[in-house]
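# A look at the structure
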Amino acid sequence: MAFVIIEPCIGEKAGECVDVCPVDCIEEGEDQYFINPEICIDCGACVAVCPVDAIIEEYDATPEEEKFLRKAEEFFGIS
């Protein structure tokens, strides 16, 4: 499993998550940050520093929030 960045990040893009990620799996997109689910080691460091609580575990995503996982996969070119 991986973490996923959801709606509160859109337009906010604080960026603290990028600084604490030990595997550099978080990248800035046009309107939000994205976590590469193929690289994420599920450490949770990003969750602790997100000022807008925009990072959740993939398996905790509601059906509506799952679109953000798909959006991240599209951003990273993951099929």
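The structure reproduced in this document is the subject of the present report. Small disclaimer: the values here were computed from a predicted structure and weren't measured.

The rules behind these values
- Residues numbered from 1 in each chain as written.
- Predicted model: local features only at pLDDT ≥ 70, side-chain atom pairs only at ≥ 80, totals over all residues.
- Heavy atoms only, no water.
- Helix = DSSP H or I, 4+ residues; strand = E, 2+ residues; numbered from the N terminus.
- Buried < 20%, exposed > 50% of the residue type's maximum accessible area, 1.4 Å probe, protein only.
- Contact = heavy atoms within 4.5 Å.
- Salt bridge = Lys/Arg side-chain N within 4 Å of Asp/Glu carboxyl O.
- Core = buried A, V, L, I, M, F, W, Y, C linked by side-chain atoms within 4.5 Å.

## Details of the overall build of the protein chain
The number of helices and strands found in the protein chain is three helices and four strands. In the protein chain, the succession of helices and strands from N to C terminus is β-α-β-β-α-β-α. Taking the principal axes of the C-alpha coordinates as reference, the protein chain spans close to 25 × 25 × 25 Å. A burial count over the protein chain gives 39% of its 79 residues as buried. Nonlocal contacts in the protein chain, meaning residues at least 24 apart in sequence, comprise 66% of its contacts between residues at least 6 apart.

## Some words on the pattern of salt bridges
A complete count under the given rule lists three salt bridges for this structure. A salt bridge links Lys13 to Glu28; the nearest nitrogen and oxygen atoms lie 2.8 Å apart. Residue Lys13 is found in the loop between β1 (3-5) and α1 (16-20), and its partner Glu28 is found in strand β2 (residues 26-28); the two are separated by 15 residues along the sequence. On the basis of relative accessible area, Lys13 is assigned to the partly exposed category, the value being 23%. Its relative accessible area of 46% is what places Glu28 among the partly exposed residues. With its nearest N and O atoms 3.7 Å apart, the salt bridge here joins Glu73 to Arg70. You can see Glu73 and its partner Arg70 sitting in helix α3 (residues 66-75), three residues apart, about one turn around the helix. Overall, Arg70 belongs to the partly exposed group, its relative accessible area being 46%.

## Digging into the nonpolar core
Counting residues in each nonpolar core, the largest one holds 15 residues, and the members touching the most others are Ile5, Ile26, Ile35 and Ile55. Mapped onto this core, the elements with two or more residues apiece are β1 and β3 (33-35).

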